[in-house]
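Chains, contacts and geometry: an overview
Here is what each chain is made of, one letter per residue.
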Amino acid sequence: MVILPPDTFNRGILILLRDWRSALRKLFLLITLLLLIGLVSGQTAWVIAGGLACYLVYTMFQLRRLHQWLHSPQAHGENETPPESYGLWGDIFDGIHQLQRRERDSRDYLKSIIDRAQESTAVLDIAVVMINRHGQLEWWNPAAERMLGLHRDHDQHQAVVNLIRQPEFLDYFDAGDYNRPLTLPAPVNREMMLEYQITWFGDGERLMLVRDISQLHRLETMRRDFVGNVSHELRTPITVITGYLETLLDNRDSINSRWIRPLEQMYQQSRRMENIIRDLLVLTQLETKSVSRQRTAIEVQALMREVARDAEQLYESKKQTFSISCSEAFWLQGNRNELYSALSNLVFNAAKYTQDGGQIQLICARQPEGMTVEVRDNGPGIEEKHIPRLTERFYRVDESRSTDTGGTGLGLAIVKHVLARHSASLKIISRPGEGSRFICQFPEQRILTAPENAS
Ligand code: ADP
């Protein structure tokens, strides 16, 4: 449909109105003339009837020409020309002709835009796939054929989950929450690593962008393997060194007193190194192990009780108060060891950084979009500028404080990884002097109502 600009449209209406008035005037003159002829000849009725019949024949003739022209192939072709005519009919033919020309121009313009869009997406390295509101393929570019193995002839209007059949993709596609991209091997070639990113648009339609990240993935794997191997290789020597230092310090009576302080420092540092290696190995495992699809129900309150008890024992000398409150009983679907590791890191941190006699609260609550597990303390708090970086590896707010407390700088990185593996995220709210809140946000699909295999 062509939308005329308002001024063109108004001008068109004015011209038509002018011609319409002149046509009415002509008709009026014809009737007056016929009336005169009729009066002179004494056959008024016959003359008027004859005149009007001629006018009707003329009008029918013009209508027939218009009808024929509109239905002739020339009317829709490149060089269509309207039939020659005068007065009101001439204007009608010209008006329709102009409308047709404008519609053809805008059609050509739209077509050229679509052609250019298609040409540019054809040279893209990224696969672009349009998916309709029923989850079926509507359009895709050549890169999508290469990466996903789509075939133009028989995959049009096929459900995307029938063509990319990996269970992880199915979960990602059905969840409808596309904040994070999904990384998976290509369905056509397991060596190729793809990153899927879906965005909603229009009326429930989805645009899927797929990038080949094989190169990046290879480098990332090399980095991970390197860290994993180094940590693994260092574990035994460090354990041996720590063991000997421990034995020496157990027999401090037989050691020259000048060596006691250096030995103590060596022992403290080798314990720290042991902790770093342990945390690095945990991180490597979290990064390499694929997420288990097994649905194990974990009772959140029981897990909180266990972690609080362990922290209380570990930091017994600090005489802190641990409290647990839950709005209702929750079971989470996930890996118990990993969730224990995440929650214990948060609770041990709270105990570690909060002053003696401080309060540590473990709170779980239902939220509109899922549930939260929160660890709250009334410790020293954290300056705002540090908060976005806390989950980076080895990032510490206060190097000396972390070293004193035996921190590795890897605890919150582990928390972040565990939560990501459970489709959850970490929110940190803190201000110096006002304590800290570490909130784990779990989505609705992770909450189990009826606990199967509860642990
Ligand atoms: P670390 O092993 O040093 O504790 P983390 O990754 O667990 O490393 O924590 C990163 C930093 O965040 C810590 O060095 C500490 O400065 C800060 N931090 C973590 N938890 C708390 C808390 N509850 N209160 C104050 N600071 C905290």
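Here, the structure is the one placed above.
Bear in mind that the values here come from a model prediction, so they are computed numbers and not experimental data.

What follows concerns the overall build of the protein. A tally of regular secondary structure across the protein gives 12 helices and 13 strands. Over its C-alpha trace the protein gives a radius of gyration of 40 Å, far above what one expects of a compact globule, namely 23 Å for 455 residues. Oriented by its inertia axes, the alpha-carbon framework of the protein measures out at about 150 × 45 × 45 Å. Taking the intrachain contacts of the protein between residues at least 6 apart in sequence as the baseline, contacts between residues at least 24 apart amount to 59%. Entry remark: accessible area of the protein is about 27700 Å², with carbon and sulfur atoms responsible for 57%. The averaged location of the 56 negative side-chain charges in the protein is 2 Å from the averaged location of its 53 positive side-chain charges.

Another aspect to go through is the packing of aromatic side chains. Tallied over the entire structure, the rule returns 7 aromatic pairs. Taking the centre distance of 5.8 Å and the plane angle of 35° together, the rings of Tyr 178 and Trp 200 count as tilted. You can see Tyr 178 sitting in the loop between helix H6 (167-175) and strand E3 (182-185) and its partner Trp 200 sitting in strand E4 (residues 193-201), a full 22 residues away along the chain. On the basis of relative accessibility, which here comes to 7%, the residue Tyr 178 falls in the buried class. Given a relative accessible area of 43%, Trp 200 falls into the partly exposed group.

For the rest of this paragraph, the subject is the sheet that holds strand E9 (residues 359-367). Strand order across the open sheet formed by 5 strands is E7-E9-E10-E12-E11, with mixed pairing between neighbours. Taken across any chain shown, the strands that pair with only one partner, and hence form the sheet edges, are strand E7 (321-326) and strand E11 (425-430). Adjacent strand axes in the sheet meet at a mean angle of 15° when their direction is disregarded. When E9 meets strand E10 (residues 370-377), the two strands line up antiparallel, connected through 8 bridges.

Moving on, we get to the pairing of strand E1 (residues 127-131). Taking burial as the measure, the 5 residues of E1 include 4 buried ones, the bulk of the element. By the bridge criterion, 5 bridges tie E1 to strand E5 (residues 205-212) in an arrangement that is antiparallel. Residue pairing across strands places Ile 131 opposite Arg 206, the latter belonging to E5. Sheet topology note: the E1/strand E2 (residues 137-140) ladder contains 3 bridges and is antiparallel.

Looking now at the sheet that holds strand E6 (residues 297-299). Spatially, the 3 strands line up as an open sheet ordered E6-E8-E13, and their pairing is antiparallel. Because the sheet does not close on itself, it has two edges, and the strands there are E6 and strand E13 (447-448).

Moving on to unusual backbone geometry. Phi at Phe 394 is positive, roughly 65°, even though this residue is not glycine. Here Phe 394 is to be found in the loop between E10 and helix H11 (399-404).

Ranked by internal contacts, the top residues of the largest apolar core, which has 46 residues, are Val 300, Leu 343, Val 347, Ile 360, Met 371, Val 373 and Phe 442. Mapped onto this core, the elements with two or more residues apiece are helix H8 (260-288), helix H9 (300-314), helix H10 (336-353), E9, E10, helix H12 (411-421) and strand E12 (436-443). For this core, the element with the highest residue contribution is H10, accounting for 7 residues. Mapping this core onto the domain boundaries places at least three of its residues in each of domain 3 (216-288) and domain 4 (296-448). Setting aside residues up to four positions removed in sequence, Phe 442 forms contacts with Leu 332, Leu 339, Glu 369, Gly 370, Met 371, Val 373, Leu 419, His 422 and Ala 424.

Right, let's talk about a nonpolar patch on the surface for a bit. Together, Ile 31, Leu 52, Tyr 55 and Tyr 58 line one region of the surface with nonpolar side chains, adding up to about 330 Å² of accessible area. Looking at where Tyr 55 falls in the secondary structure, it is placed in helix H2 (residues 44-71). By relative accessible area, Tyr 55 is classed as partly exposed at 35%.

Thresholds, definitions, all that
- Residues numbered from 1 in each chain as written.
- Predicted model: local features only at pLDDT ≥ 70, side-chain atom pairs only at ≥ 80, totals over all residues.
- Heavy atoms only, no water.
- Helix = DSSP H or I, 4+ residues; strand = E, 2+ residues; numbered from the N terminus.
- Rg over C-alpha atoms; globule rule 2.2 N^0.38 Å.
- Contact = heavy atoms within 4.5 Å.
- Areas by Shrake-Rupley, 256 points an atom, 1.4 Å probe, with all protein chains shown as cover.
- Lys, Arg positive; Asp, Glu negative; His and termini not counted.
- Charge placed at Lys NZ, Arg CZ, Asp CG, Glu CD.
- Phe/Tyr/Trp six-rings, centres within 6.5 Å; stacked < 30°, edge-to-face > 60°.
- Buried < 20%, exposed > 50% of the residue type's maximum accessible area, 1.4 Å probe, protein only.
- Pairing = 2+ DSSP bridges.
- Axes fitted to C-alpha atoms, helices over the stretch in contact; angles between N-to-C directions.
- Core = buried A, V, L, I, M, F, W, Y, C linked by side-chain atoms within 4.5 Å.
- Domains from an automatic or database assignment.
- Patch = residues over 30% accessible without salt bridge, like charges linked within 9 Å, V, L, I, M, F, W, Y side chains within 5 Å.
- Salt bridge = Lys/Arg side-chain N within 4 Å of Asp/Glu carboxyl O.

Bear in mind that shape data such as this cannot, by itself, settle questions of function.
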